[in-house]
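# Coordinates in review
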Amino acid sequence: MVVAVLVYVVIQTLGGGGAGGGGTGGPGGVLDDALGGSLSATRIDDAQQGTDRYAQCETGADANESRDCARVAVENSLTDYWETALGTSFRPIDALVTFDGQVQTACGAATSAVGPFYCPADESIYLDTTFFDQVLERELGGPDGDFVEWYVLAHEYGHHISNLIGDMARVTDQQTGPQSLGVRLELQADCFAGAWMANSDGSTDASGEPLFAEPVSAEEVQLAQDAAEAVGDDAIQRKTQGQVTEESWTHGSSEQRARWFQEGYRSGSPESCRTFDVPRV
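Residues numbered from 1 in each chain as written. Predicted model: local features only at pLDDT ≥ 70, side-chain atom pairs only at ≥ 80, totals over all residues. Heavy atoms only, no water.

Moving on: the sheet that holds strand β6 (residues 124-128). Taking strand neighbours across the sheet as the criterion, the 4 strands line up as β1-β2-β6-β5 in an open arrangement whose pairing is mixed. Edge positions in the open sheet fall to β1 (44-46) and β5 (117-119), since each of these has one partner strand only. Each neighbouring strand pair of the sheet contributes to a mean axis angle of 25 degrees, computed without reference to strand direction. Here 3 bridges tie β5 to β6, and the two strands are oriented antiparallel to one another. Among the inter-strand pairings, Tyr118 is bridged to a residue of β6, identified as Ile125. (Pairing = 2+ DSSP bridges. Helix = DSSP H or I, 4+ residues; strand = E, 2+ residues; numbered from the N terminus. Axes fitted to C-alpha atoms, helices over the stretch in contact; angles between N-to-C directions.)

Right, dumping it as structure tokens:
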């Protein structure tokens, strides 16, 4: 069974697919300041093209010119940040697999209708690169811009961290609603994404050179928050069924998701993301 931890409710209702967002140029924002440090695509693959899709991604300059290489830089940054934050308890994701159409995973077969997701069985992230325009922007009215994808990738990496520290295992039931365990897991991933974003300027490559020259801009932080709000359960329900039913929430409201993302960003620390340990999230 595929664990579609970010957009399951969205895709259940709307389906997925469509053209990739943001064009084919450079990613914009913080990645426009990427330096000449080396990139590592060893954990990144494409379900259709294999490693060839990312074979040309070697430097920060490549990340400025190619959205694929920018994806490599963001994965490298996430890995570097979480290795520092968790220390010896950290291990990187096994793979970031991009796909369009369908993909085979240790959690089962998945199609583009599932959207981006993390599979704990193989500790890998599966990123449907066609999701952002068709569903998030066109269907849900979410923001455009490549940095939205980086927020989604950071959210999915956050699920990997929840898995490593044992919090994913705390989701022991299928209950739904704004205070459910499943919602707490999703909000923790949003918070982790905010913590990474606050520290992304400290990411370095294998030789110790910075990946990014400057911190994330206020505009990029706002884009990420807008994306979090767009995939809130209440926002999705208003668009797809014309009414809000809190008892069926699986990911949290727009307000919850934006608030926990901001909590991680403001604190800059994953220690602030204790969504399982507070009375109400």
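Sheet topology places strand β3 (residues 102-105) next to strand β4 (residues 108-111); 4 bridges connect them, and they run antiparallel. Residue pairing in the sheet places Thr105 in a bridge with Gly108 of β4. In this structure, the hairpin formed by β3 and β4 is closed by a connection of 2 residues.

In terms of nonpolar packing, the biggest core is built from 53 residues, with Leu78, Trp82, Tyr151, Tyr157, Ile161 and Met197 touching the most fellow members. Taken together, the elements giving at least two residues each to this core come down to α3 (67-86), β6, α5 (146-165), α6 (181-199), α7 (218-230) and α9 (254-267). In terms of residue count, the dominant contributor to this core is α5 (10 residues). Excluding anything up to four places from it in sequence, Tyr157 contacts Glu75, Leu78, Thr79, Trp82, Phe90, Pro92, Ile93 and Ile125. Among the nonpolar cores identified, the runner-up in size contains 10 residues, and Ala95, Val97, Phe117 and Tyr126 belong to it. (Core = buried A, V, L, I, M, F, W, Y, C linked by side-chain atoms within 4.5 Å. Buried < 20%, exposed > 50% of the residue type's maximum accessible area, 1.4 Å probe, protein only. Contact = heavy atoms within 4.5 Å.)

Tracing the chain through its elements places Cys191 in helix α6. Overall, the relative accessible area of 0% leaves Cys191 in the buried class. Between the C-alpha atom of Cys191 and that of Gly268, which follows or precedes it by 77 residues, the distance is 9.4 Å. Contacts of Cys191, omitting those with residues within four sequence positions, involve Trp260, Phe261, Glu263, Gly264, Ser272 and Cys273.

Once that is clear, we can look at the pairing of strand β2 (residues 95-99). Among the 5 residues in β2, 5 count as buried, and that is most of the element. The alternating pattern of β2 places Ala95, Val97 and Phe99 and Leu96 and Thr98 on opposite faces, both of which are buried. Across 3 bridges, the pairing between β1 and β2 is parallel. Of the residues in β2, the one forming a bridge with Ile44 is Leu96. Here β2 runs beside β6; their pairing, made up of 5 bridges, is parallel. The residue bridging Phe99 from the neighbouring strand is Asp128, located in β6.

The tally for this structure, following the rule as stated, stands at 14 salt bridges. Here Arg91 ties to Glu123 by a salt bridge, and the two come within 2.6 Å at their closest N and O atoms. You can see Arg91 sitting in the loop between α3 and β2 and its partner Glu123 sitting in the loop between β5 and β6, a full 32 residues away along the chain. The class for Glu123 is buried, based on a relative accessible area of 15%. Across the salt bridge formed by Glu271 and Arg274, the nearest N and O atoms sit 2.4 Å from each other. Overlapping salt bridges, with partners in common, bring together Asp46, Arg53, Arg67, Asp68, Arg71 and Glu149 in one network. (Salt bridge = Lys/Arg side-chain N within 4 Å of Asp/Glu carboxyl O.)

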